[in-house]
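# Structure at a glance
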Amino acid sequence: MTPFAQRELTGWGRYPRQRCRVARPEKRRELVAAASDTEVPNLIARGLGRSYGDAALNDASGVLLTEKLGRFLGFDAESATLHAEGGASLADIVNTFVPRGYFLPVTPGTRFVTIGGAIACDVHGKNHHRDGCFSEHLEEFELLLASSEVLICSRTQNPAAFWATIGGMGLTGVILSAKIRLMPIQTAFVRVSYARTKNLEETLAQLTRDAATRYPVAWLDCLATGSNLGRGVAMSGDLAGVDEVSGEPLLLESGRRRAVPLDFPDFALNPRSVKAFNALYYAAHSEVQRVVSFERFFWPLDSVGGWNRIYGARGFIQYQCVLPPQTAPQGLRQLLDTVAASGRAPFLAVLKLFGEANAAPLSFPFAGYCLALDLPAAPGIVEFAQELDAITLNHGGRVYLAKDATLTPQSLRRMYPRLPEFEAVKAQLDPNWRFQSSLSKRLGIGGAA
Ligand SMILES: Cc1cc2nc3c(=O)[nH]c(=O)nc-3n(C[C@H](O)[C@H](O)[C@H](O)COP(=O)(O)OP(=O)(O)OC[C@H]3O[C@@H](n4cnc5c(N)ncnc54)[C@H](O)[C@@H]3O)c2cc1C
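Because the structure is a prediction, the values reported are computed rather than measured. (Residues numbered from 1 in each chain as written. Predicted model: local features only at pLDDT ≥ 70, side-chain atom pairs only at ≥ 80, totals over all residues. Heavy atoms only, no water.)

Okay, the packing of aromatic side chains next. For any two aromatic rings, the description comes down to two numbers: the centre-to-centre distance and the angle of the planes. According to the stated counting rule, one finds 19 aromatic pairs in the structure shown. Seen from their ring centres, Phe162 and Trp163 are 5.0 Å apart, and the 80° between their planes marks the pair as edge-to-face. A single burial state applies to Phe162 and to Trp163, both of which are buried. When the centroid spacing of 5.8 Å and the interplanar angle of 45° are considered together, the rings of Trp307 and Phe316 count as tilted. Accessibility assignment for this pair places Trp307 and Phe316 in one class, buried. Through pairs of rings, three or more aromatic residues link up here, namely Phe103, Tyr215, Phe294, Phe297, Phe298 and Trp299. Over the ring of Phe297 we find Lys126; its NZ or CZ atom is 5.1 Å from the centre of that ring. Across from the ring centre of Tyr194, 5.0 Å away, lies the NZ or CZ of Arg290, which sits over that ring. (Phe/Tyr/Trp six-rings, centres within 6.5 Å; stacked < 30°, edge-to-face > 60°. Buried < 20%, exposed > 50% of the residue type's maximum accessible area, 1.4 Å probe, protein only. Lys NZ or Arg CZ within 6 Å of the ring centre and 35° of its normal.)

This is the structure in structure tokens:
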């Protein structure tokens, strides 16, 4: 029997911190036994803890680490389909398959996430408008239910469980393994064009033009105000061809990881230092085209180990929302104005383009513009995030649960009108609420509060 041990855990934002009862099974049978161990009243699976808030926490109750269950189980070269355990990381997939000419069709901004976490949050990349979410490239998965039964889920087999688990934040069961389709590539490089924009209108217009490329994204200078509000650097990328790179085309950049060894003191990130950084970044990107490595383009922050410590001991939240195209110009302006006026210096702000929503009731993306900004967890952050929620709601938007630490149950239900559909499937799969997390309790998902 895998014992549960008391341990303090956080998400990537290091806010909130909670003491959970953690088990770390190394074999599938140990995981199955731990999942039904009545020593803990309820539990939640956890991958690499890259969700920001409390999705992979369970205050005073069970957390099941899946990181040791990350083996590759098979690869079908004809269909480029990989079968791997739920704890396998996207980093392992990249390191193994890129040199062989295959890449992830969808990758989030870090590769240190597990397949289970990628499915449970239905993660998206910079190419959502064209390639959809991670689930678009998912064939099937095995789901361990509270009853210890293992369900094979696909679009045709147990489809209700399939769609509820995608974006279902671990609340339907534990994803034991999954089959995902990889995409063939010629090189491990991206051709990127950079364009500086002067204000929000220009940034949105540039992003819309860049939709013709596979990976359009814009960095925003969140401290610019007045006529410069929403200025930034739009970057649009496409996979580079063999003739565009020198040297071995499928070689990943090995680059040693620099680490942030200690928490930065709380005063290190203040409006002045952040303003200086943003001004420098803006000045450094005039209109150019470059060919850059996958690492630099897709996962720039992964090269700085533990970068989440720069926000100091209090941690930070990431506010990420999507707004429909009709209301986005006005809604984004109001969000950026509110943030700029608050003095809560966001270090990082990114704008992405989303395509149509998929069939999963809790999947986050729908067609529109997606804003993500990091905010230090200074006093009053919960109330401030809820002020932003009100603006998001007024403009028909919603926030991403993988990043959330502050939403209220009422706002959740307005943002995710298909929540009752999800709850009906959960009630069938997990009638005794075995799978719960701090997020589901905070938000009263399935009446779990
Ligand atoms: C720097 C950075 C950049 C990011 N960029 C993006 C981005 O561009 N797009 C995006 O969509 N997300 C992004 N994210 C968020 C991240 O991709 C997701 O939160 C992802 O789910 C984290 O995976 P994980 O393995 O760490 O899961 P965890 O954080 O450990 O868990 C996340 C959720 O998945 C559930 N879960 C984990 N494993 C399983 C399993 N085996 N079975 C069932 N449920 C499970 C947990 O219960 C929890 O609800 C980013 C995060 C960071 C830190």
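With the rule as written, the count across this model stands at 19 salt bridges. Note that Arg71 and Glu85 form a salt bridge whose closest N and O atoms lie 3.1 Å from each other. With Arg71 in the loop between strand 4 (62–65) and strand 5 (72–76) and Glu85 in strand 6 (residues 81–85), this pair connects stretches of sequence that are 14 residues apart. Residue classification places Arg71 among the partly exposed positions, given a relative accessible area of 41%. Glu85 gets classed as buried once you look at its relative accessible area, which sits at 9%. Arg191 is the partner of Glu244 in a salt bridge, and the nearest nitrogen-oxygen pair spans 2.5 Å. With Glu244 in the loop between strand 14 (232–239) and strand 15 (258–259) and Arg191 in strand 12 (residues 189–197), the pair connects residues that are 53 residues apart, well separated along the chain. On the accessibility criterion, Glu244 (30% relative accessible area) is partly exposed. Looking at Arg191, the relative accessible area reads 24%, which means it is partly exposed. Ionic contacts of the salt-bridge type, sharing partners, join the residues Asp54, Asp404 and Arg442 into one network. (Salt bridge = Lys/Arg side-chain N within 4 Å of Asp/Glu carboxyl O. Helix = DSSP H or I, 4+ residues; strand = E, 2+ residues; numbered from the N terminus.)

In this section: empty space enclosed by the protein. If you walk through the whole model with that rule in mind, you get three cavities of 30 Å³ or more. There is about 70 Å³ of room inside the largest cavity. For the lining of the largest cavity, the secondary-structure elements that each account for two or more residues are helix 1 (28–35) and strand 10 (174–181). Ranked by residue count, the leading element in the lining of the largest cavity is strand 10, at three residues. Taken together, the residues of the lining of the largest cavity sort by class into five nonpolar, three polar and two charged. What the second largest cavity holds in volume is close to 60 Å³. With four residues, the top contributor of residues to the lining of the second largest cavity is strand 18 (residues 316–323). Among the residues making up the lining of the second largest cavity, the classes are represented as six nonpolar, three polar and two charged. (1 Å grid on protein atoms, 1.4 Å probe; cavity = no way out; pocket = protein on both sides within 12 Å on 5 of 7 lines; lining within 4 Å. Points joined across faces, edges and corners; volume = space filled by probe spheres on them. Nonpolar A, V, L, I, M, F, W, Y, C, P; charged D, E, K, R; others polar.)

Where helix 6 (residues 200–209) meets helix 9 (residues 328–342), the axes come as close as 11 Å, and the angle between the chain directions of the two elements is 130°. Relative to helix 9, the element helix 6 is oriented oblique. Between helix 6 and helix 9 lies a crossing of right-handed hand. Listed contacts from helix 9 to Leu200, Glu201 and Leu204 of helix 6 are Pro329, Leu332, Arg333 and Leu336. A per-class count over the contact of helix 6 with helix 9 returns five nonpolar, no polar and two charged. (Axes fitted to C-alpha atoms, helices over the stretch in contact; angles between N-to-C directions. Parallel < 35°, antiparallel > 145°, perpendicular 65-115°, else oblique. Left-handed = near helix turned anticlockwise from the far one by under 90°. Contact = heavy atoms within 4.5 Å.)

What follows covers the site of the ligand. Around the ligand, the structure places 34 residues, and the nearest of them are Ala45, Gly47, Ser51, Thr114 and Tyr400. At 2.6 Å, a side-chain N or O of Ser51 approaches an oxygen atom of the ligand. At 2.8 Å from a nitrogen atom of the ligand is found a main-chain nitrogen or oxygen belonging to Ile175. Look at the ligand: alone it shows 960 Å² of surface, and the protein chains cover 97% of it. Secondary-structure elements contributing two or more residues to the shell around the ligand are strand 3 (43–46), helix 3 (115–120) and strand 10. Among the residues forming the shell around the ligand, the class breakdown is 18 nonpolar, 12 polar and four charged. Taken domain by domain, the shell around the ligand gets at least three of its residues from each of domain 1 (72–185) and domain 2 (189–247 + 256–408). (Near = heavy atom within 4 Å. Polar contact = N/O pair within 3.5 Å; in protein donor to acceptor, adjacent residues only side chain to side chain. Areas by Shrake-Rupley, 256 points an atom, 1.4 Å probe, with all protein chains shown as cover. Domains from an automatic or database assignment.)

Turning our eyes to something else, we now look at the side chain of Ser177. The residue Ser177 is located in strand 10 in this model. Judged by its relative accessible area of 2%, Ser177 is buried. A polar atom in the side chain of Ser177 sits 3.1 Å from the side chain of His83. In this structure the side chain of Ser177 is engaged in a polar contact, spanning 2.6 Å, whose partner is the side chain of Glu142. Among residues more than four places away in sequence, those in contact with Ser177 are Leu73, His83, Ala84, Glu85, Gly86, Phe141 and Glu142.

Here we take up helix 12 (residues 419–429). Working note: α-helix, 3.6 residues per turn, so residues spaced by three or four point in the same direction. Listed as buried for helix 12 are Leu419, Phe422, Glu423, Val425, Lys426 and Leu429. Projection of helix 12 onto a plane perpendicular to its axis shows the buried side chains occupying an angular sector of 165°, all on one side. On its buried face, helix 12 is in contact with strand 8 (138–144), strand 9 (150–154), helix 5 (159–165) and helix 11 (409–415). (Arc of directions from axis to C-beta.)

This next bit is on the sheet that holds strand 21 (residues 398–399). With antiparallel pairing, eight strands are arranged side by side in an open sheet as 16-12-14-13-19-20-18-21. Since the sheet does not close on itself, it has two edges, and those belong to strand 16 (288–293) and strand 21, each with one partner. Two elements, strand 12 and strand 14, share eight bridges in a ladder whose sense is antiparallel. Its bridge partner being in strand 14, Val192 is matched across the sheet by Gly237. Seen against the sheet, helix 9 touches strand 13 (215–220), strand 18, strand 19 (349–354) and strand 20 (368–376) and runs at an angle of roughly 5° to strand 20. (Pairing = 2+ DSSP bridges.)

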